[in-house]
Amino acid sequence: MTVDPTAAPTPEHCVTALLDAYVLGERTSAAADAIETHLGRCVSCSVDAAQLALTVPPPAWSTVGPPAAPTADMDLAPGGPGSLDAVLAAALAVRPAAPGTPATGSTAPAQAGPARPRGPRTPTHGSRAAALDRLLVELAPAHWGRLAAAGWSVRELVLHLYAVDGLLLAALDGAGSDADSDAPGDLGRPDEDPVARTEAVLAATREWSVEQVRLRWFERAGLVCAAVADATRASGPSVVTAGGWTTTPADHLAARAFETWIHTRDIAAAAGLAVPDPGEGELHTMADLALRLLVDPWTAAVETAGPAALTVTLTGPGGGTWSLDPSGVHEWQGDAGLVESGPAAGPARMTGPASGPLTASAITVGAVTVGIVPFCLLAGDRATVDAVATRMEGDERLAVELLTLAPSLAGP
């Protein structure tokens, strides 16, 4: 197969069949240049190439010294054709980096070792915004007018995300307006109702093209990520109120990621497309947030029969085991045992009920096992309890109550 770099990046001209050899450096410089020109114009192939490059192990000779000079068909020089740098450069020619991603060259090269720790401190919103942006550029003009969720079209749903991001940004930087404003770029007041703010934004942006909608939303998502990072580095306020919800900036950002993922699925469904699930660290962060938000209403619902404890095991990439009881949510973390869940800075600490440890005879216990993706979709009100496969043990009432409460977390 030869590559015509001038050909439009349509499916018949995609270079998917060449990418394995390309990321291994098994293409001549001329062929690699042609492939990279195509990658710079084709979203689908650039994403495929970047994913392949991340899975390629270091060459076997990297620990025993280089081999003889490569043949004319190979180019193994660092940064050469097929290297991750070359793939990312080609991909970024057509797609910007995810919000919150350090600029190229600003961090040390990735090294082999343990996977990135997952948990409530794993960044999520930037990558979820980038995933939605990749989807939006694939949409045909007709897709933007299709109904997606909450009675809103795809265009209106993206502006809803833009509006709610603005409320958080206003809360973080104090730039919210003192009164109602019709300016399209106005952030709104931090305490404004998200639906009311969305309606105001929809009215103010009627003249925006779909490209303006996409670009302005993506820009604001990046500003939110930067504002949370700045607040964290500067030891800013420990909690902020946005959209009627008071919590830490990190939890606000995780919630923005959660909603962005849910609406990415809504938009993909409206367009007849499919999108991959978030990564394991992102899923873990979102599930952890959902359980921490559910523990208080769950405790109130089940405590009429006395103290109760529920073990929740979420399976699949990003899964884990949590314990819910009157003292809060705790997560089992290997040798560390049961530790407090949440975005607290510094090492997680052991916790127990304020009144002292509860003995097994004093509490009702139960356990539930469910896939982490179905659980998150349930919390996002995109699945029903009856449709989610579970395994329950002990007092099943405890698990049923938690799963029944989960969709109450969802907004529009």
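Everything discussed here concerns the structure shown above.
What counts and how
- Residues numbered from 1 in each chain as written.
- Predicted model: local features only at pLDDT ≥ 70, side-chain atom pairs only at ≥ 80, totals over all residues.
- Heavy atoms only, no water.
- Helix = DSSP H or I, 4+ residues; strand = E, 2+ residues; numbered from the N terminus.
- Buried < 20%, exposed > 50% of the residue type's maximum accessible area, 1.4 Å probe, protein only.
- Contact = heavy atoms within 4.5 Å.
- Areas by Shrake-Rupley, 256 points an atom, 1.4 Å probe, with all protein chains shown as cover.
- Pairing = 2+ DSSP bridges.
- Core = buried A, V, L, I, M, F, W, Y, C linked by side-chain atoms within 4.5 Å.
- Phe/Tyr/Trp six-rings, centres within 6.5 Å; stacked < 30°, edge-to-face > 60°.
- Lys NZ or Arg CZ within 6 Å of the ring centre and 35° of its normal.
- Salt bridge = Lys/Arg side-chain N within 4 Å of Asp/Glu carboxyl O.
- Axes fitted to C-alpha atoms, helices over the stretch in contact; angles between N-to-C directions.
- Parallel < 35°, antiparallel > 145°, perpendicular 65-115°, else oblique.
- Left-handed = near helix turned anticlockwise from the far one by under 90°.
- Polar contact = N/O pair within 3.5 Å; in protein donor to acceptor, adjacent residues only side chain to side chain.

> I tried to follow the overall build of the protein chain on my own but got confused; where do I start?
Looking only at helices and strands, the protein chain features 12 helices and 10 strands. Out of the 412 residues in the protein chain, the part that is buried amounts to 43%. If you take every contact in the protein chain between residues at least 6 apart in sequence, the share linking residues at least 24 apart comes to 70%. As displayed, the protein chain has an accessible area near 20000 Å², and 57% of this comes from carbon and sulfur atoms.

> Where do I start with the pairing of strand S7 (residues 328-332) in this structure?
On a regular strand, each side chain points to the face opposite its neighbour's, so the side chains alternate between the two faces of the sheet. Where burial is concerned, most of S7 is hidden: four out of the five residues are buried. Sheet analysis places strand S6 (residues 320-325) next to S7, joined by five bridges and oriented antiparallel. The partner of Ser323 across the bridge, within S7, is His330. In sequence, S6 turns back onto S7 through a hairpin of two residues.

> Any chance you could explain the nonpolar core here in plain terms?
Most often, soluble globular proteins keep nonpolar side chains buried together rather than apart. Ranked by size, the top nonpolar core spans 35 residues in total, and within it Leu291, Trp298, Leu314, Leu324 and Phe375 carry the most contacts. Among the elements of the structure, helix H9 (249-270), helix H10 (280-302), strand S5 (308-315), S6, strand S9 (364-371), helix H11 (372-379) and helix H12 (396-405) are those that each provide at least two residues to this core. Counting 26 residues, the second-largest nonpolar core is a separate cluster that includes Ala149, Leu159, Ile267 and Ala271.

> Please clarify how the packing of aromatic side chains should be interpreted in this entry.
Each aromatic ring pair is described using two quantities: the centre-to-centre distance and the angle formed by the ring planes. Counted by the stated rule, this structure contains three aromatic pairs. With centroids separated by 5.7 Å and ring planes inclined at 75 degrees, the aromatic side chains of Tyr162 and Trp208 adopt a geometry described as edge-to-face. With a gap of 46 residues between them, Tyr162 in helix H6 (residues 154-173) and Trp208 in the loop between helix H7 (194-204) and helix H8 (210-233) connect regions that are remote in the sequence. Neither Tyr162 nor Trp208 differs from the other in exposure class; each is buried. For Arg220, the ring lying beneath its charged end belongs to Tyr162, and the centroid distance is 3.7 Å.

> Help me understand the pattern of salt bridges in this model?
Any two side chains of opposite charge can pair, so long as their charged atoms come close to each other. Tallied over the full model, the rule gives 14 salt bridges. Between Asp251 and Arg292 there is a salt bridge whose closest N-O contact spans 2.9 Å. With Asp251 in helix H9 and Arg292 in helix H10, this pair connects stretches of sequence that are 41 residues apart. Among the residues examined, Asp251 registers a relative accessible area of 6% and is labelled buried. The salt bridge involving Arg397 is made with Asp395; its shortest N-O contact spans 3.4 Å. For Arg397, a relative accessible area of 33% translates into the label partly exposed.

> I would appreciate a short explanation of the packing of H10 against H11 in the present structure.
Packed helices, taken two at a time, are described by their axes: the angle between them and the distance between them. It is at 10 Å that the axes of H10 and H11 come closest, and there the two elements cross at 50 degrees. By the angle class used here, H10 and H11 are oblique. At the point where H10 passes H11, the crossing takes the left-handed sense. For the pair H10 and H11, the contacting residues are Leu283, His284, Met286, Ala287, Ala290, Leu291 and Leu294 in the first and Ile372, Val373, Phe375, Cys376 and Ala379 in the second.

> How should the environment of Gln333 be read in this particular structure?
Topologically, Gln333 is positioned in the loop between S7 and strand S8 (338-340). Sequence separation between Gln333 and Trp322 is 11 residues, and the spatial gap between their C-alpha atoms is 9.2 Å.

> Would you take a moment to explain the side chain of Glu331 for this structure?
Checked against the element boundaries, Glu331 lands in strand S7. A polar contact is formed between the side chain of Glu331 and the side chain of His284, at a distance of 2.9 Å.

Geometric descriptors of this kind do not, in isolation, establish any biological role.
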